[in-house]
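Okay, here's what each chain looks like letter by letter:
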Amino acid sequence: MRILILLFAFFLFAQCTPPPPIPTGVVSKNAMVVSAREEASKVGTAILQKGGNAFDAMVGTELALAVAYPFAGNLGGGGFMVYRKNDGNIGALDYREKAPLAAHKDMYLDSLGNVIPGKSTLGASAVGVPGTIAGIFEVHDKFGTLPIKEIMDPVIKLVDQGVQVTSKQADRLDKYWDQIKSVNGESTLFYNKCDAGDTLRYPGLASTLRRIAINGRDEFYKGKTAKILAKFILEKGGYVTEEDLARYEAKWRQPVVFNYKDLRIISMSPPSSGGVTINQIFKMIESYDISEFGHNSAKSIQLFTEAARRAYADRNFFLGDPDFVVIPLDVLLSKKYLQARMENFSFDSATLSSEVQHGRIEIMESNETTHYSIVDQMGNAVSVTTTLNGAYGSKLYNDELGFFLNNEMDDFSAKPGEPNMFGLIGAEANSIAAEKRMLSSMTPTIVEKDGKLWMVVGSPGGSTIITAVAQTILNTYEFNLSMQESVNAPRFHHQWLPDHIVFETEGFSDALKIELKSKGYHISEKPTPILGKVDAILVLPDGSLEGGADKRGDDTAVGF
Ligand code: GLY
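As the structure is a computational prediction, the values presented were derived from the model and not from experiment.

Cut-offs applied
- Residues numbered from 1 in each chain as written.
- Predicted model: local features only at pLDDT ≥ 70, side-chain atom pairs only at ≥ 80, totals over all residues.
- Heavy atoms only, no water.
- Core = buried A, V, L, I, M, F, W, Y, C linked by side-chain atoms within 4.5 Å.
- Buried < 20%, exposed > 50% of the residue type's maximum accessible area, 1.4 Å probe, protein only.
- Contact = heavy atoms within 4.5 Å.
- Helix = DSSP H or I, 4+ residues; strand = E, 2+ residues; numbered from the N terminus.
- Expected span 1.5 Å × (residues − 1).
- Pairing = 2+ DSSP bridges.
- Axes fitted to C-alpha atoms, helices over the stretch in contact; angles between N-to-C directions.
- Salt bridge = Lys/Arg side-chain N within 4 Å of Asp/Glu carboxyl O.
- Phe/Tyr/Trp six-rings, centres within 6.5 Å; stacked < 30°, edge-to-face > 60°.
- Near = heavy atom within 4 Å.
- Polar contact = N/O pair within 3.5 Å; in protein donor to acceptor, adjacent residues only side chain to side chain.
- Areas by Shrake-Rupley, 256 points an atom, 1.4 Å probe, with all protein chains shown as cover.
- Nonpolar A, V, L, I, M, F, W, Y, C, P; charged D, E, K, R; others polar.
- Left-handed = near helix turned anticlockwise from the far one by under 90°.
- 1 Å grid on protein atoms, 1.4 Å probe; cavity = no way out; pocket = protein on both sides within 12 Å on 5 of 7 lines; lining within 4 Å.
- Points joined across faces, edges and corners; volume = space filled by probe spheres on them.
- Parallel < 35°, antiparallel > 145°, perpendicular 65-115°, else oblique.

Quick look at the nonpolar core now. Membership of the largest hydrophobic core comes to 86 residues, with the highest contact counts inside it found for Met58, Leu75 and Phe190. Among residues more than four places away in sequence, those in contact with Leu75 are Leu63, Ala66, Pro130, Thr132, Ile133, Leu205, Thr208, Leu209, Ile212, Phe220 and Phe403.

On to helix H4 (residues 132–143), then. In this model, H4 (12 residues) spans 16 Å end to end at C-alpha, consistent with the 16 Å of a helix rising 1.5 Å per residue. With respect to burial, H4 is a largely interior element, nine of its 12 residues being buried. Burial in H4 covers these residues: Thr132, Ile133, Ala134, Gly135, Ile136, Phe137, Val139, His140 and Phe143.

Here we have seven strands laid out as an open sheet, ordered S7-S4-S3-S11-S10-S2-S20, and antiparallel in their pairing. Each edge of the open sheet is held by one strand with a lone partner, namely strand S7 (251–253) and strand S20 (556–559). The mean inter-strand angle of the sheet, taken between neighbouring strand axes irrespective of direction, is 15°. Both strand S4 (residues 90–95) and S7 contribute to a ladder of three bridges, which runs antiparallel.

A few words on the pattern of salt bridges. Tallied over the entire structure, the rule returns 33 salt bridges. Here Arg253 ties to Asp94 by a salt bridge, and the two come within 2.9 Å at their closest N and O atoms. Placement of Arg253 in strand S7 and of Asp94 in strand S4 is noted, with a sequence separation of 159 residues between them. One salt bridge in this structure joins Arg96 and Asp411, with 2.8 Å as the shortest N-O distance. A residue pair is termed long-range when its members are at least 10 positions apart, and Arg96 in the loop between S4 and H4 and Asp411 in the loop between strand S13 (403–404) and strand S14 (445–449) qualify at 315 residues. Under the relative-accessibility criterion, Asp411 is labelled buried at 10%. Through salt bridges with shared partners, one network takes in Asp94, Lys251, Arg253, Asp323 and Arg437.

This part covers the packing of aromatic side chains. Each aromatic ring pair is specified by the distance between its two centres and by the angle formed by the two planes. Throughout the structure, instances matching the rule amount to 31 aromatic pairs. Relative to Trp252, the ring of Tyr83 has its centre 6.1 Å away and its plane inclined at 85°; by these criteria the two rings are edge-to-face. Placement of the pair is Tyr83 in strand S3 (residues 78–84) and Trp252 in strand S7, with a sequence separation of 169 residues. Note on Tyr83: relative accessible area 7%, which makes it buried. Note on Trp252: relative accessible area 28%, which makes it partly exposed. Taking the centre distance of 6.0 Å and the plane angle of 90° together, the rings of Phe143 and Trp252 count as edge-to-face.

The immediate surroundings of the ligand are formed by 10 residues, with Asn389, Glu408, Asp411, Ser440 and Ser441 found nearest. Asn389 is positioned with one of its side-chain polar atoms (N or O) 2.7 Å from a nitrogen atom of the ligand. Protein burial of the ligand: of its 200 Å² of free accessible surface, 100% is covered by the chains. A per-class count over the shell around the ligand returns one nonpolar, five polar and four charged.

Following both chains from N to C, one finds helix H11 (residues 274–285) and helix H13 (residues 298–318) inclined at 140°, their axes separated by 9 Å at the closest point. For the element pair H11 and H13, the recorded crossing hand is right-handed. Across the interface between the two elements, Thr277, Gln280, Ile281, Met284 and Ile285 of H11 pack against Leu303, Phe304, Ala307, Ala308, Arg310, Ala311, Tyr312, Asp314 and Arg315 of H13. Considered class by class, the residues forming the contact of H11 with H13 number nine nonpolar, two polar and three charged.

Before going further, it helps to spend a moment on the environment of Val326. Relative to the assigned elements, Val326 resides in the loop between H13 and helix H14 (329–332). On the basis of relative accessibility, which here comes to 80%, the residue Val326 falls in the exposed class. The spacing of Val326 and Asn89 is 237 residues in sequence and 27 Å in space, taken between C-alpha atoms.

The next point concerns the sheet that holds strand S18 (residues 535–539). Strand order in the open sheet made by the seven strands is S1-S19-S18-S15-S14-S9-S8, with antiparallel pairing throughout. For this open sheet the edge positions go to strand S1 (27–28) and strand S8 (256–260), each flanked by a neighbour on one side alone. Helix-sheet contacts for H11 involve S8, strand S9 (263–267) and S14, and the interaxial angle to S8 is about 15°. Lying over the sheet, helix H16 (residues 464–477) contacts S8, S9, S14, strand S15 (452–457) and S18, oriented at roughly 135° with respect to S15.

Take the side chain of Ser300 next. The topology assignment puts Ser300 in helix H13. Of the residues examined, Ser300 reaches a relative accessible area of 4% and is grouped as buried. A polar contact is formed between the side chain of Ser300 and the backbone oxygen of Gly294, at a distance of 2.9 Å. One polar contact links Ser300 to Ser297, side chain to side chain, over a distance of 3.1 Å. In this structure Ser300 touches Ile290, Phe293, Gly294, His295 and Phe479, once residues within four positions along its chain are discounted.

Below, the discussion takes up the layout of surface pockets. Here the second largest pocket is characterised by a volume of approximately 830 Å³. Lining the second largest pocket we find 28 residues, and of these Pro20, Lys449, Trp454, Tyr477 and Asn480 sit closest to its centre. Broken down by secondary-structure element, the contributors of at least two residues to the lining of the second largest pocket are helix H1 (2–16), S15, H16 and S18. Here the lining of the second largest pocket takes three residues from S15, the largest share from any one element. Partitioned by chemical class, the residues of the lining of the second largest pocket number 15 nonpolar, six polar and seven charged.

Glancing now at unusual backbone geometry. Put simply, Pro270 and Pro271 share a cis peptide bond, and its omega is 20°. Along the chain, Pro271 falls in the loop between S9 and H11. With omega at 0°, the peptide bond leading from Leu497 into Pro498 counts as cis. Residue position: Pro498 is located in the loop between strand S16 (492–493) and strand S17 (502–503).

This next bit is on the packing of helix H5 (residues 148–161) against helix H7 (residues 205–215). Contact pair H5 / H7: the axes reach a minimum separation of 9 Å and the direction vectors enclose 175°. Classed by the angle they form, the pair H5 and H7 counts as roughly antiparallel. Seen from H5, the contacting residues are Ile148, Met152, Val155, Ile156, Val159 and Asp160; seen from H7, they are Leu205, Ala206, Leu209, Arg210, Ile212 and Ala213. Considering only residue class, the contact of H5 with H7 consists of 10 nonpolar, no polar and two charged.

In short, the description is geometric, and any link to function would need to be established separately.
Written out as structure tokens, the structure is:
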């Protein structure tokens, strides 16, 4: 009898569980790299094919993005990596930029206390101490298996060959050319008006990379490169000195780890807000059967929006560099607290953001970051998001070194507690201080299912990174979309303030928006072609890998 009952239960379960989705992205058996450019995915994959591991491939992919995708790939910026080794060990690396020693709370304010337009966004005064080279060497020292020269050789070859400009890239270059020219002058060696199909070259970059390949990380922080860089930034009116470069260190951090139903989600901890904020969102929606509501239905959008509204209110108020501010993570991530946060939620009507506490703080972040995901043939996984902050960072380009410098200082709150030049208000926890790291939204994430590696995921997109990553995980887990479908699916965003839902231009019907409006939701009228640009990898039931390379960009999955 018992056997019969068990068989019946099994039969019922088999009937109710939908079959896994048919992959629609690139599928490979052993290993994969998904990044913003085919050239970078190929460099990473070639390193894996040579027998390197995911960490070796991370070093190559990161540097190749600086060549093929200078919009966000960088030597002059910073980032975060989350990893999961094939034995289940996890960790996170923070190579976020830091404020220089000369930085202080009021550095972007005039004598009347007003924010000086452009000072934290454009040119040398916006530059934070770069972390990327320290980051990749930290990873290589701890986990690398191939010699650094062997990893960097294909990147140097890519620089020597130049990179073919895609049509999307040509549009971006066109859009920002006037600013690049205004910061660097007409004679800048970068660009020279490329059209799609032309070759983009960086005369100085190959020499810089060759010196780094020979002399290691100290070349960038203490060697000839450091001297050229600091002199250049100071001459151009910035603050980063040789001492700042010499003092820079990447830091290993404990990732944020939480369960959502039968998933275990591993994401980036402060100074990124990504892990904490998606942890709050997932825990606030966990008790609902969101898959029953339907993908991008009014009910699932309401639930997600209300969780995001509350999570971003906390994000903006409480989060900053954990080396400088005390963050009450035990409370913010506790079940009791998060349940209480959702007590006033109802499907009947929207909660107004003005009624959600930690108030009157709004964030403004740039979209121009880049993410890549790697799984190697041994089952190690890395998830990396890296940035210059704005498009081509501060736009400041050093001809001799061949790379752009970040404008990450703008991710601090220039004037905590009061509106900045955009009419936005920042929080004290993220105020500027010497050697502090500015708050980020980057959310490199790895997900386990049944104790095994299941997904590697992340996105660019400033404050929209967090919702893009969360929706991608839900698309696959709750709505049974393939990895590529999950990445391509239309996205929406709410970040507490401004109190409106932003929908991508394509993919949401007028009827849906009317229904949400009738419940009191405000909907942004500004056309928003894209929210995030996700690059992800899913481990399929047979152990092969499906890439999700976002159709919104030139993103490409390469595997073998
Ligand atoms: N600059 C983008 C971010 O860190 O969130």
